[in-house]
Amino acid sequence: MMDDFGFPVSAGDFRFRGEARTVRRLLRDKKRNGTALDLGSGVGYWAEEFASQFSQVIAVEGSQTLYQALKTQCAPYSNIHTIHGDVLSFEPGGPYSLIFFGGLLMYLDEHDMKTLLQKLIPCLEPNGTILCRESTVRNETVTRNGNYSVVYRSVSDYTRIFKQSGLTLQHIERNEPYVLTQMGCELIEKWKQVVPEPLQALEIVGRLTYWGMRLGTPWITRLPQVLGIPFPCLENHFFVLRTGPIVHE
Ligand SMILES: C[S@@+](CC[C@H](N)C(=O)[O-])C[C@H]1O[C@@H](n2cnc3c(N)ncnc32)[C@H](O)[C@@H]1O
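**Points about the overall build of the chain**
Line of reasoning, step 1. Tallying secondary structure elements over the chain gives eight helices and nine strands in all.
Line of reasoning, step 2. For 249 residues, the compact-globule estimate of 2.2 N^0.38 gives 18 Å, and the C-alpha radius of gyration of the chain, at 19 Å, lies within 12% of that figure.
Line of reasoning, step 3. In the chain, 73% of the contacts between residues at least 6 apart in sequence involve partners at least 24 apart.
Line of reasoning, step 4. Roughly 12,600 Å² of accessible area belongs to the chain as shown, and the carbon and sulfur atoms make up 56% of that amount.
Line of reasoning, step 5. Charged side chains in the chain number 25 positive and 26 negative. The centres of these two groups are separated by 6 Å.

Have a look at this one:
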């Protein structure tokens, strides 16, 4: 994906390392010696990350191609168990200390999302956590149909659905490493729209844009907010959820 924008290969690693630091901080005071369930695990970056923090990780992935990559990636970890299947028909078992959604909910419509969350709630340990890392939009929820069907929900829509599913929202935080990369992607998309393809020089412009953004970290992601500019169009947020009434820690 980073190639399409002319970003260096290390851009993906940089983003993941930043996100992993945030996730470690968000889970700092949580019980972590049980089992983590990673739903829509992709090739398993998060499963690997959780393997060093939890006794056991169960990673569920629906795509056959990604599942094969997940199996290979997680083969060195004796405490990761991989499952190929649709999360909607998956029998969750449990109990889990953590249930993690790393970009899965955007592929589910509201009914399926609520059904899944309600199915998972009884599988969470009493002090367990549900952590979501999901793409978001500022205004109205955007639904895209076609080859790539996806729902980009607003933070308020996520908040409402979590509440209606019986969950308590403990904390919301914008995913700054994601937003940094997304700013770069949207700038390059604009460049591609205005500059004819033979002149785009993505290898150079992409890298200059990326390293420019990196040099401006962490202020650059806050600048549009300070100036009141709705950029980038797509954001991403972490949602920390639990069952039962909120406990202030
Ligand atoms: C945006 S990717 C995120 C992958 C991974 N969590 C990460 O952060 O790198 C979402 C993943 O969810 C998987 N997925 C989408 N719908 C699913 C479903 N109903 N059941 C199982 N996996 C699904 C996709 O195949 C994809 O790997």
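**Here we look at the site of the ligand**
Line of reasoning, step 1. The environment of the ligand is formed by 16 residues, the closest being G40, E61, D86, V87 and G102.
Line of reasoning, step 2. G40 is positioned with one of its backbone polar atoms (N or O) 2.8 Å from a nitrogen atom of the ligand.
Line of reasoning, step 3. V87 has a polar backbone atom sitting 3.0 Å from a nitrogen atom of the ligand.
Line of reasoning, step 4. Summarising the interface, the protein chains cover 78% of the accessible area of the ligand, which totals 590 Å² for the free molecule.
Line of reasoning, step 5. A per-class count over the shell around the ligand returns six nonpolar, eight polar and two charged.

**Side note on unusual backbone geometry**
Line of reasoning, step 1. In the segment running from G94 into P95, the intervening peptide bond is cis, with an omega of 0°.
Line of reasoning, step 2. In this fold, P95 is placed in the loop between β3 (80-84) and β4 (96-101).
Line of reasoning, step 3. Here the bond from F231 into P232 is cis, since omega is -5°, no more than 30 degrees from zero.
Line of reasoning, step 4. You can see P232 is positioned in the loop between α8 (219-227) and β9 (234-243).
Line of reasoning, step 5. Positive phi outside glycine occurs at A201, with the angle close to 45°.
Line of reasoning, step 6. Looking at the element boundaries, A201 is found in the loop between α6 (176-194) and α7 (202-215).

**Regarding the pattern of salt bridges**
Line of reasoning, step 1. Summed over all chains, the structure comprises eleven salt bridges.
Line of reasoning, step 2. The salt bridge partner of R25 is E173, with a shortest N-O separation of 2.5 Å. With a gap of 148 residues between them, R25 in helix α1 (residues 10-26) and E173 in strand β8 (residues 167-174) connect regions that are remote in the sequence.
Line of reasoning, step 3. Residue classification places R25 among the partly exposed residues on the basis of a relative accessible area of 37%.
Line of reasoning, step 4. Among the residues examined, E173 registers a relative accessible area of 16% and is labelled buried.
Line of reasoning, step 5. Between R174 and E235 there is a salt bridge, with the nearest N and O atoms lying 2.7 Å from each other. Residue R174 is located in strand β8, and its partner E235 is located in strand β9; the two are separated by 61 residues in the primary sequence.
Line of reasoning, step 6. Each of E110, K114, D157 and R160 takes part in one network of salt bridges that share partners.

**A closer look at the domain arrangement of the chain**
Line of reasoning, step 1. Domain assignment breaks the chain into domain 1 (9-176 + 234-243) and domain 2 (179-227).
Line of reasoning, step 2. Computed over C-alpha atoms, the centres of domain 1 and domain 2 are 28 Å apart.
Line of reasoning, step 3. Where domain 1 abuts domain 2, roughly 920 Å² becomes buried across the two surfaces, and 49% of that area is made up of carbon and sulfur atoms.
Line of reasoning, step 4. Put simply, domain 1 and domain 2 have zero salt bridges between them.
Line of reasoning, step 5. Breaking the side of domain 1 that touches domain 2 down by element, the ones donating at least two residues are α1 and β9.
Line of reasoning, step 6. The element contributing the most residues to the side of domain 1 that touches domain 2 is α1, with four residues.

**A look at the packing of aromatic side chains**
Line of reasoning, step 1. Applying the stated criterion across every chain, the model contains 13 aromatic pairs.
Line of reasoning, step 2. In this structure an aromatic cluster arises from ring pairing among F16, Y45, W46, F50, F54 and F100.
Line of reasoning, step 3. Over the aromatic face of F5 sits the side chain of K192, whose NZ or CZ is 5.3 Å from the ring centroid.
Line of reasoning, step 4. Above the face of the F14 ring, R214 is positioned so that its terminal group lies 3.5 Å from the ring centre.

Conventions and cut-offs
Residues numbered from 1 in each chain as written. Predicted model: local features only at pLDDT ≥ 70, side-chain atom pairs only at ≥ 80, totals over all residues. Heavy atoms only, no water. Helix = DSSP H or I, 4+ residues; strand = E, 2+ residues; numbered from the N terminus. Rg over C-alpha atoms; globule rule 2.2 N^0.38 Å. Contact = heavy atoms within 4.5 Å. Areas by Shrake-Rupley, 256 points an atom, 1.4 Å probe, with all protein chains shown as cover. Lys, Arg positive; Asp, Glu negative; His and termini not counted. Charge placed at Lys NZ, Arg CZ, Asp CG, Glu CD. Near = heavy atom within 4 Å. Polar contact = N/O pair within 3.5 Å; in protein donor to acceptor, adjacent residues only side chain to side chain. Nonpolar A, V, L, I, M, F, W, Y, C, P; charged D, E, K, R; others polar. Salt bridge = Lys/Arg side-chain N within 4 Å of Asp/Glu carboxyl O. Buried < 20%, exposed > 50% of the residue type's maximum accessible area, 1.4 Å probe, protein only. Domains from an automatic or database assignment. Buried area = accessible area lost by both parts, 1.4 Å probe. Phe/Tyr/Trp six-rings, centres within 6.5 Å; stacked < 30°, edge-to-face > 60°. Lys NZ or Arg CZ within 6 Å of the ring centre and 35° of its normal.

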